[in-house]
Structure formats: structure tokens, C-alpha cells
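Now for the letters of each chain:
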Amino acid sequence: QVQLVESGGGLVQAGGSLRLSCAASGAISFNAMGWFRQAPGKQRELVAAITTGGRTNYVDSVKGRFTISRDNAKNTVYLQMNTLKSEDTAVYYCTRLGSSDWGQGTQVTVSS
């Protein structure tokens, strides 16, 4: 099991940017990683994913605005979020895809 710790959330105005980080307690180079989010009253949804080879995939609502990346040497995954909208407000979680390893989440609030 790998411990995951997210950071970088906060309050930002619409149109602003945030960069989330997910630090893992162990090696993640052999794992696909993902960022999920859960807004109040909604189901958790996969926002972005990155394979071990660096291929990325995004939910349609964030394409062109969010970028997922990884630094295997630092056991860290990032989510760069630009042009934020009020509908991006949620708790953001990272995970090793296919595992039960989840972080505690970081709150992102976008004010309109």
C-alpha cells in the first residue's frame, strides 16, 4: 500500500489557476495514476489519468484547461488547472488506478 498526500488546493477566482500535487510514500513508476474530484451531492468522477508511459486522458469538461503530469523520481503526480470555472469546485483526490490507495483530498473552490 502507498500513502498519497494531495496539496495545492485553495480558493481562486474564476479564470485563475491552481497546481495540485500528489506525493506518494513509495514508488509509482509502475502505476497509472489518476485525479478524481467530487463535488457536493455528486458522484466522484475521473478528471485526468496518466499511464506509466506518460499518455494522458481527460474528461471532456477539462480538456484544454487541465494538464496531468508525473515526476517518477519524486514519486509525485501533478494537476495543473487553468481557466478555472465555478463548476470545477470540488474535493480533488489522487489515486493509483486499479488500487485502493487514495489520498485525503484537497479542496478547490472557484468563486465566480
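What counts and how
- Residues numbered from 1 in each chain as written.
- Predicted model: local features only at pLDDT ≥ 70, side-chain atom pairs only at ≥ 80, totals over all residues.
- Heavy atoms only, no water.
- Helix = DSSP H or I, 4+ residues; strand = E, 2+ residues; numbered from the N terminus.
- Buried < 20%, exposed > 50% of the residue type's maximum accessible area, 1.4 Å probe, protein only.
- Polar contact = N/O pair within 3.5 Å; in protein donor to acceptor, adjacent residues only side chain to side chain.
- Contact = heavy atoms within 4.5 Å.
- Pairing = 2+ DSSP bridges.
- Axes fitted to C-alpha atoms, helices over the stretch in contact; angles between N-to-C directions.

Some words on the side chain of Thr 95
Point 1. Note that Thr 95 resides in strand 9 (residues 90–96).
Point 2. Relative accessible area serves as the criterion here: at 2%, Thr 95 is assigned to the buried category.
Point 3. At 2.7 Å, the side chain of Thr 95 forms a polar contact with the backbone oxygen of Asp 101.
Point 4. Not counting residues up to four positions away in its chain, the partners in contact with Thr 95 are Leu 4, Ala 32, Met 33, Gly 34, Phe 36, Asp 101 and Trp 102.

Side note on the sheet that holds strand 3 (residues 18–24)
Point 1. Spatial strand order, 1-3-8-7: four strands in an open sheet with antiparallel pairing. With one partner strand each, in any of the chains shown, strand 1 (4–7) and strand 7 (66–71) form the two edges of the open sheet. Pairs of neighbouring strands in the sheet enclose a mean axial angle of 15°, with direction left out of account.
Point 2. As defined by bridge partners, strand 7 adjoins strand 8 (residues 76–81) across six bridges and the pair is classed as antiparallel.

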